[in-house]
Amino acid sequence: MPAFDITTAIAATPEQLFDLSLDVGAHTASMSGSGERIVAGVRSGQMRLGDEVTWSARHFGVRWRMTSRITAYSRPERFVDEQVRGPFRRWHHEHLFSWDPEAGVTVMRDVIAFVAPVGVVSHVLLGPYMKKLIEQRNAHLADSFS
């Protein structure tokens, strides 16, 4: 199963970053390049355990829908979102937050495992593309605290 792990240091407390990471408005803003919008579920504010949201976005010239659910929630250390409906056979995104007192930053880790509808596409095309999207989201979150 394709997977990747991204670590980002952000000048914010774990609580601030955890909360912003669960804010659907912040997510939508970070994905504006793909025209991402909410079409069902939580439409504003922060998601909580068990909440679902359905996103619609254009990737590779095609409009996709994906419904995600928060399946684990331990503020401010960790939460998990997983696809319940959408284009992937499996999507599991673990968000981890830890404070680095020496640097005065929160270290955020995104650990993502997924299976695309077509196996080889996962490794060759979607892996790097999805990693870039998560890095873009993280840069947007970091900019929110600048």
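None of the values given here were measured: they were computed from a predicted structure. (Residues numbered from 1 in each chain as written. Predicted model: local features only at pLDDT ≥ 70, side-chain atom pairs only at ≥ 80, totals over all residues. Heavy atoms only, no water.)

**Observations regarding unusual backbone geometry**
Moving on, step 1. Backbone torsion omega between Arg-75 and Pro-76 reads 0°, so that peptide bond is classified as cis.
Moving on, step 2. Relative to the helices and strands, Pro-76 resides in the loop between β4 (62-74) and β5 (78-85).
Moving on, step 3. Positive phi, normally seen in glycine, also occurs at Phe-60, with a value near 60°.
Moving on, step 4. With respect to the helices and strands, Phe-60 occurs in the loop between β3 (52-59) and β4.
Moving on, step 5. The partly exposed category is assigned to Phe-60, whose relative accessible area is 44%. (Helix = DSSP H or I, 4+ residues; strand = E, 2+ residues; numbered from the N terminus. Buried < 20%, exposed > 50% of the residue type's maximum accessible area, 1.4 Å probe, protein only.)

**What to know about the packing of aromatic side chains**
Moving on, step 1. For the structure on display, the rule yields nine aromatic pairs.
Moving on, step 2. Taking the centre distance of 5.4 Å and the plane angle of 65° together, the rings of Phe-18 and Phe-97 count as edge-to-face. Of this pair, Phe-18 sits in helix α1 (residues 14-21) while Phe-97 is found in strand β6 (residues 90-100), placing the two residues 79 residues apart along the sequence. Neither residue differs from the other here; Phe-18 and Phe-97 are each classed as buried.
Moving on, step 3. Within the aromatic cluster, the residues linked to one another by ring pairs are Phe-4, Phe-88, Trp-91 and Phe-114. (Phe/Tyr/Trp six-rings, centres within 6.5 Å; stacked < 30°, edge-to-face > 60°.)

Structural measurements only, silent on function.
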